[in-house]
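# Coordinates in review
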Amino acid sequence: MTSFAVPLHFGSSERRLFGVYHSPDQISSDRAVLICQPLGLDYIRSHRIFRRLAAMLAKAGHHVFRFDYFGCGDSDGNGDESTLLDWLGDAQVAAEELRDMSGATRFSVIGTRLGGALATLLAGREASLCRLALWDPVVRGVDYLDRMTAVHNGMIADRTRFVVPRSPRDEGHGPQLLGFPMTSRQRESIAALDLNAGSFASVGQVLILASEDRPDFSEYAAALRTAGVNTTLRHVPGTGDWDELPCVEQVLVPGTILTTIAEWILEGR
Amino acid sequence: MEKVCVFGPDRSLVGVLSLPEGPVPAGRPAVILVNGGLVHRVGPFRLYVDLGRHLAETGFLAFRFDPLGYGDSEGNTNGRSFDEQVQHDVAMAIEHLVACHGCSEFVLFGLCSGADNAYHVAVRDRRVVGMVWIDGFAYRTPRYYLHWYLPRIVSAQKWISAVRRLVGLDVAKRPREQLGDLRKFPTRDALRAQLKTLVDRGCRLQFLYTGGYNKLYNHRGQLREAIGELDGRAVTEEFYPSFDHILTLMQDRAAIVARIATWTRKNFAGGAAVLIASATEAFDSSLAGAI
């Protein structure tokens, strides 16, 4: 049997979500991986990587599920209707869906950027998680909002993009950040995020992949280790240019990050 | 209401159909949203999702999908280039909508290279009755150069920058890659002839251009200027100078989506469209002032 991908809708009728289930080569596999994709522009830019990663892991024998949060991608709803807590609920529903589809008992989660924060929060609610791979997770929401706001303002001020000057305060269609809604409720929910302040997950092993050598990643890794979690922090330069203005239009190309995550997840077999 | 569709050879193409609440009124074409670039079917900043859902709300069936090798459509492209693959798969999407959803006529929408590919399919397939492009083909004209150079000649800042570069105080900035460099445009004569053929067979055309495309287009009516007049009742050309090429800002996307939906209703919904359209008329009127 060869692996195949099934795009589908799932969740409740009020909060219908879109996802793609990648079946493993061996249908009897007991291993499953949930992919918590990032949100907003990060999601658009990295979609190709997660599709490839899911296919790679499925081919190696894992049930894999990637999904769009409510108001994102092909899921129902608008981008201004959810807070971080609501999206965490979506991740939980996706995890349940994956359990139902796969029957697997050995679970791993991969998360990137805000998806990395959500994956970590989800891990705190899941009883038996084998591995948690975090690529450039948002450790502190305030820092993330500050960096994104700087990129947003730079983009608005870019006269090669906007020939007629636009004001960052020109929010005729509601508050926004990098092309997507960012209501005050959403902003508050993200600003309240601090992974260091949370309870540490009962995860077997954690891998943090950092595209930049930043103190928040090393502090978080240290905090996890202090809490007794088997944690690896790996610097993978050049794999994420999330905050760089000239790159915001570019789709991320699968490369080192793809193989690094896949190899680490597969080590856990 | 949206529905996931898998279609095409080996059912390897993935798309999402946006459906109106009730049955689609008879005689309405389906709108196919043609992918441009590497972004998957949701489009830049989710533009294709917003547009598809808005069209469905006003009674049109809209379809967005990933061409083979992109987004969620995995498979062997057999050496086809991106453009060849997109055109091939738009044809597959048309056949799918005919076979599974009873559609018989189509409007194609595309942004940037998506517009180019929509055009090539429209020329070949007589079932295409309408086409909307954003930042599609454009040709520089004498007035283009006037609009380009005049502000630079009278700008003191531009002169200061030029002098600074000349004396080596500043390094000349590398110009941004021109959007048209990677795309193959037909000659003006060929485009004029093909658009005339489309118009003669009853096709309605809406050409939208943004300010972010100013390396190729920078004033209202430039396409008409470059290729000559076409039937004014069938062809609309509009310029949104304050918008960027990929419609980053939410208010810009909302304005474009509303504009396309109004145009689609006006051209393809017959008299029944009047009441539905009235809600956005005020918005469209206020927008027109900004164009």
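On to the overall build of chain A. Scanning chain A from terminus to terminus reveals 7 helices and 10 strands. Scaling as 2.2 N^0.38, a compact globule of 269 residues should have a C-alpha radius of gyration of about 18 Å, and chain A matches this with 18 Å. With respect to the principal axes defined by its C-alpha atoms, chain A has extents near 60 × 40 × 30 Å. Split into buried and exposed, the 269 residues of chain A put 57% on the buried side. Of all intrachain contacts in chain A linking residues separated by at least 6 positions in sequence, the fraction that spans at least 24 positions is 73%. For chain A, the accessible surface area stands at approximately 10,300 Å², while carbon and sulfur atoms represent 51% of it. Counting 26 positive and 33 negative side-chain charges, chain A places the averaged centre of each group 4 Å from the other.

The secondary structure content of chain B amounts to 9 helices and 8 strands. Looking at chain B as a whole, 55% of its 291 residues are labelled buried. Counting only contacts in chain B whose residues sit at least 6 apart along the sequence, the fraction spanning at least 24 positions is 73%. When the accessible area of chain B is evaluated, it comes to approximately 12,800 Å², of which 57% is carbon and sulfur surface.

A few words on the side chain of Asn218 of chain B. All names here are of chain B. Tracing the backbone shows Asn218 in the loop between strand E7 (204-210) and helix H7 (222-227). Given a relative accessible area of 12%, Asn218 falls into the buried group. In terms of polar contacts, Asn218 uses its side chain to reach the backbone carbonyl oxygen of Tyr144, at 3.0 Å.

This part is about the pattern of salt bridges. Residue and element names in this part refer to chain B. Taken as a whole, this structure holds 30 salt bridges over all chains when the rule is applied. With a closest N to O distance of 3.0 Å, Arg41 and Asp72 form a salt bridge. You can see Arg41 sitting in the loop between strand E3 (30-34) and helix H1 (47-57) and its partner Asp72 sitting in the loop between strand E4 (62-65) and helix H2 (82-101), a full 31 residues away along the chain. Accessibility classification places Arg41 together with Asp72 in one group, the buried group.

Our focus in this paragraph is the interface of chain A and chain B. Tallying the contact residues gives 46 residues for chain A and 40 residues for chain B. Buried surface at the junction of chain A and chain B, both sides included, amounts to about 3,300 Å², of which 55% is carbon and sulfur. Applying the counting criterion to the chain A and chain B interface returns 6 salt bridges. For Arg161 of chain A, the salt bridge identified is with Asp244 of chain B, shortest N-O distance 2.9 Å. There are 21 residue pairs in polar contact (both at pLDDT 80 or more) connecting chain A and chain B. Contributing elements (two or more residues each) for the side of chain A that touches chain B: strand E1 (5-11), strand E2 (16-22), helix H1 (40-59), helix H4 (141-157) and strand E8 (180-181) of chain A. The dominant element in the side of chain A that touches chain B, judged by the number of residues it contributes, is H1 of chain A, at 7 residues. Across the side of chain A that touches chain B, the residue classes tally to 19 nonpolar, 16 polar and 11 charged.

Moving on to helix H5 (residues 184-191) of chain A. The set of residues buried in H5 of chain A consists of Gln186, Ser189 and Ile190 of chain A. The buried residues of H5 of chain A occupy an angular sector of 95° when the element is viewed end-on, so they sit on one face.

The next thing to look at is the sheet that holds E1 of chain A. Sheet strands line up and pair through hydrogen bonds in the backbone, either parallel or antiparallel. All names here are of chain A. Pairing is mixed across the open sheet formed by 8 strands, whose spatial order is E1-E2-E4-E3-E5-E6-E9-E10. The outermost strands of the open sheet, each flanked by one partner alone, are E1 and strand E10 (230-235). Each strand axis lies, on average, 20° off the axis of its neighbour in the sheet, ignoring direction. Against the sheet, helix H2 (residues 84-102) engages E1, E2, strand E3 (31-36), strand E4 (63-68) and strand E5 (106-112), with an angle of about 150° to E4. Running at roughly 165° to E10, helix H6 (residues 215-226) makes contact with strand E6 (129-135), strand E9 (203-210) and E10 of the sheet.

Turning our eyes to something else, we now look at the confidence of the model for chain B. Residue and element names in this part refer to chain B. Put simply, chain B has an average pLDDT of 87, and 88% of its residues get 70 or more. Overall, residues 271-291 carries pLDDT values under 50, and its contacts beyond four positions in sequence, including any with other chains, amount to 22 contacts. Scoring of the predicted complex yields 0.91 for pTM and 0.95 for ipTM.

It is worth spelling out the environment of Thr120 of chain A at this point. Residue and element names in this part refer to chain A. Looking at where Thr120 falls in the secondary structure, it is placed in helix H3 (residues 114-125). In this structure the C-alpha to C-alpha distance between Thr120 and Ala262, which are 142 residues apart in sequence, comes to 18 Å. Here Thr120 is in contact with Leu132, Leu134, Leu195 and Tyr220, once residues within four sequence places are set aside.

Next up on the list: the sheet that holds strand E8 (residues 235-240) of chain B. Residue and element names in this part refer to chain B. With mixed pairing, the 8 strands of this open sheet are ordered in space as E1-E2-E4-E3-E5-E6-E7-E8. The two strands at the open ends of the sheet, each matched to only one other strand, are strand E1 (2-7) and E8. Neighbour to neighbour, the strand axes of the sheet diverge by 20° on average, direction disregarded. Of the pairings in the sheet, the one linking E3 to E4 comprises 3 bridges and is parallel in character. Paired with Val31 across the strands is Ala62, a residue of E4. Where H2 meets the sheet, it contacts E1, strand E2 (13-18), E3, E4, strand E5 (106-111) and strand E6 (128-134), and its direction lies at approximately 115° from that of E1.

Here is what the cut-offs are and how they apply
Residues numbered from 1 in each chain as written. Chains lettered and ligands numbered in written order. Predicted model: local features only at pLDDT ≥ 70, side-chain atom pairs only at ≥ 80, totals over all residues. Heavy atoms only, no water. Helix = DSSP H or I, 4+ residues; strand = E, 2+ residues; numbered from the N terminus. Rg over C-alpha atoms; globule rule 2.2 N^0.38 Å. Buried < 20%, exposed > 50% of the residue type's maximum accessible area, 1.4 Å probe, protein only. Contact = heavy atoms within 4.5 Å. Areas by Shrake-Rupley, 256 points an atom, 1.4 Å probe, with all protein chains shown as cover. Lys, Arg positive; Asp, Glu negative; His and termini not counted. Charge placed at Lys NZ, Arg CZ, Asp CG, Glu CD. Polar contact = N/O pair within 3.5 Å; in protein donor to acceptor, adjacent residues only side chain to side chain. Salt bridge = Lys/Arg side-chain N within 4 Å of Asp/Glu carboxyl O. Buried area = accessible area lost by both parts, 1.4 Å probe. Nonpolar A, V, L, I, M, F, W, Y, C, P; charged D, E, K, R; others polar. Arc of directions from axis to C-beta. Pairing = 2+ DSSP bridges. Axes fitted to C-alpha atoms, helices over the stretch in contact; angles between N-to-C directions. pLDDT = per-residue confidence, 0-100.

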